[in-house]
Amino acid sequence: MFVWAVINYNMIIVGVIFKMKALSTIKINYKLLNLDVKLYPIRSRADKITFNSLSSCCKHETGLKRYCKSCNNSIEWKQDLKGYKLSKDNFVQLTKAELDTIEKLDNGIEILYFDKLSNISLGEYDKPYFLEPQNNISNKLYAYFNKIFVEQGLIAICRTIVKGTEHKSILRHDKNGIVLHYLENETKLNIEIPAVDLDKEEYETIKEIVKDNIKENEHLNFKNIYIDKVKSLIEQKIAGNEIKIVEKTAEVLNDTKLMDTLKAMKPKENKTEKVIK
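All values derive from a computational prediction rather than experimental measurement.

Visitor: What am I meant to see in the sheet that holds strand β7 (residues 108–116) here?
Guide: Strands pair in a sheet through their backbones, by hydrogen bonds, and they do so in one of two ways: parallel or antiparallel. Taken together, seven strands build a closed barrel; the order of strands is β3-β4-β8-β11-β10-β9-β7 and the barrel is mixed. Each neighbouring strand pair of the sheet contributes to a mean axis angle of 40 degrees, computed without reference to strand direction. One ladder, built from seven bridges, connects strand β3 (residues 24–30) with strand β4 (residues 33–41); its direction is antiparallel. Counterpart to Y30 in the pairing with β4 is L33. Contacting β3, β4, β7, β8 (125–133), β9 (154–162), β10 (165–174) and β11 (177–183), helix α2 (residues 136–152) runs over the sheet at an angle of about 80 degrees to β4.

Visitor: What is the right way to look at helix α4 (residues 225–238) in this model?
Guide: Counting along an α-helix, one turn takes 3.6 residues, and residues three or four places apart therefore face a common direction. Over its 14 residues, α4 runs 20 Å from end to end, which matches the ideal 20 Å to within 8%, given 1.5 Å per residue. Within two residues after α4, G240 carries a phi angle of roughly 85 degrees, on the positive side.

Visitor: What exactly am I supposed to notice about the environment of N224 here?
Guide: Among the secondary structure elements, N224 is positioned in the loop between α3 (200–212) and α4. Under the relative-accessibility criterion, N224 is labelled partly exposed at 26%. As for N224 and K48, which are separated by 176 residues in sequence, their C-alpha atoms are 9.0 Å apart.

Visitor: Any chance you could explain unusual backbone geometry here in plain terms?
Guide: If a residue is not glycine, its phi is most likely negative; likewise, a peptide bond is most likely trans. Phi at K31 is positive, roughly 55 degrees, even though this residue is not glycine. Mapped onto the fold, K31 is located in the loop between β3 and β4. Overall, the relative accessible area of 72% leaves K31 in the exposed class. One non-glycine residue, N72, lies in the positive phi region at around 70 degrees. Tracing the backbone shows N72 in the loop between β4 and β5 (81–87).

Visitor: Can you walk me through the nonpolar core in this structure?
Guide: Taken as a class, soluble globular proteins show a tendency for nonpolar side chains to be buried jointly. Residues I28, L39, L131, L171 and L180 are the most contacted members of the largest nonpolar core, which totals 23 residues. If we ignore the near neighbours within four places in the chain, the residues touching L39 are A22, L23, S24, I26, Y129, F130, L131, V162 and L180. Residues I120, I155, I157 and L183 belong to the second largest nonpolar core, which totals five residues.

Conventions used here
- Residues numbered from 1 in each chain as written.
- Predicted model: local features only at pLDDT ≥ 70, side-chain atom pairs only at ≥ 80, totals over all residues.
- Heavy atoms only, no water.
- Pairing = 2+ DSSP bridges.
- Helix = DSSP H or I, 4+ residues; strand = E, 2+ residues; numbered from the N terminus.
- Axes fitted to C-alpha atoms, helices over the stretch in contact; angles between N-to-C directions.
- Contact = heavy atoms within 4.5 Å.
- Expected span 1.5 Å × (residues − 1).
- Buried < 20%, exposed > 50% of the residue type's maximum accessible area, 1.4 Å probe, protein only.
- Core = buried A, V, L, I, M, F, W, Y, C linked by side-chain atoms within 4.5 Å.

Structure, rendered in structure tokens:
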């Protein structure tokens, strides 16, 4: 079951929100300290939709066959022989037995060191998991680390192994407690953004438009329009309705139209006079 946590920097009160299966129960280790936690996926898949491929001949689900690209012989999906590609048709061959000579790592979160939260780029963040402590000593250590993260703006840099897979990760404070975030290395992009001459009137107008449309925490109510339309399309097909195919065109915005467009977007002035009591 998933949890919430109220933090008052001295204690953590854990309560139930709704039932959810934990991904794993593992230990967080830091030198001589360790605490048991459960991992809960934070990201919801409620707005996801998937399709299966159907054959055009029989309208039935398609399947995949594994075959040798050299002789076209069909082979079993599970193969013990692996290859690391060096170049076209040139592989370093490794058997499962050879790979098994490398010791498998045990599941767990190892805290390596601490760093400032500001040193982690948003582009590095991957999957997040909420951590729930599992016993009295774990509750206390969890609260201590969480308090330090909050007061000093720190995170823990970790090596995390879940289900045999190793991840670079961090532990950080979240509004509900401590969150584990997997990290991915960023690609170094050498892209130069061309400098432009800013028009003061255009800039002030855009700033006014942005200011008028600030909505705190409104992202929590975000709806996936495409998914909703796909679901509606499926319902229409089930009902036997014909789907009309319509081509769409978009108007191209250029410099000569920019100011006119911005003026049309400006918030309307409230002409209602205030009554002074």
